[in-house]
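Structural description and commentary
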Amino acid sequence: MALLPCGYRNASDRMVILRCCGPETFYLERVAFPFEFLSFEAPASCEVEIWTHSLGGPDLIETLSVNELLMESEPDVPPGTPAGEHQADSQETRPTVAG
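Residues numbered from 1 in each chain as written. Predicted model: local features only at pLDDT ≥ 70, side-chain atom pairs only at ≥ 80, totals over all residues. Heavy atoms only, no water.

**A closer look at the overall build of the protein chain**
Counting its secondary structure elements, the protein chain contains one helix and six strands. Mapped from its N terminus to its C terminus, the protein chain presents α and β elements in the order β-β-β-β-β-β-α. Considering the protein chain as a whole, with its 99 residues, one finds that 23% of them fall into the buried category. A sequence separation of at least 24 residues applies to 49% of the contacts in the protein chain between residues at least 6 apart. For the protein chain, the computed accessible surface area is about 7,400 Å², with 53% contributed by carbon and sulfur atoms. (Helix = DSSP H or I, 4+ residues; strand = E, 2+ residues; numbered from the N terminus. Buried < 20%, exposed > 50% of the residue type's maximum accessible area, 1.4 Å probe, protein only. Contact = heavy atoms within 4.5 Å. Areas by Shrake-Rupley, 256 points an atom, 1.4 Å probe, with all protein chains shown as cover.)

Written as structure tokens, this is what we have:
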């Protein structure tokens, strides 16, 4: 079961609960505070539910597929740069001033 990188931003001013139920025994539950960003990994076939709590009890406010929450992975090496060269190029040299 391959896990995909996902992300969810709680854009509301209330705490929400993210529940991700998937195939077999996969289950993930996380609390997201207002304006918090959660990153997680989940199988492609999962469904993500966003819950909140009101006076009447728990409320399901949104249901999303994992495909809607996919994050682009950042490359470790800039495109076109041979492995190992990006580390040396990223080091800055600054002149030292003798006092």
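**Focus on the nonpolar core**
Of all hydrophobic cores here, the largest spans 17 residues; its most connected members are Tyr8, Leu18, Cys20, Phe40, Ala42, Val48 and Leu69. Of all the secondary-structure elements, those providing two or more residues to this core are strand 1 (3-9), strand 2 (16-21), strand 3 (27-32), strand 4 (37-43) and strand 5 (47-54). Once residues lying within four places of it in the same chain are set aside, the contact partners of Ala42 are Ala2, Leu3, Leu4, Cys20, Phe26 and Val66. (Core = buried A, V, L, I, M, F, W, Y, C linked by side-chain atoms within 4.5 Å.)

**What to know about the pairing of strand 2**
Burial along strand 2 is one-sided: Val16, Leu18 and Cys20 are buried, and none of Ile17, Arg19 and Cys21, which face the opposite way, are. Across six bridges, the pairing between strand 2 and strand 3 is antiparallel. Counterpart to Leu18 in the pairing with strand 3 is Arg30. A loop of five residues connects strand 2 with strand 3, the two strands running antiparallel in sequence, and Glu24 in this loop sits at a positive phi of about 55°. In this structure, strand 2 lies alongside strand 5, joined through five bridges in antiparallel fashion. (Pairing = 2+ DSSP bridges.)

**Quick look at the sheet that holds strand 5**
Strand order in the open sheet formed by four strands is 3-2-5-6, with antiparallel pairing between adjacent strands. Only two strands of the sheet have a single partner each, and these edge strands are strand 3 and strand 6 (57-65). The mean angle between the axes of side-by-side strands here comes to 20°, regardless of whether they run parallel or antiparallel. (Axes fitted to C-alpha atoms, helices over the stretch in contact; angles between N-to-C directions.)

**Regarding the pairing of strand 6**
Alignment of strand 5 against strand 6, held across eight bridges, turns out to be antiparallel. Bridging from a neighbouring strand, Ile50 pairs with Glu62 of strand 6.

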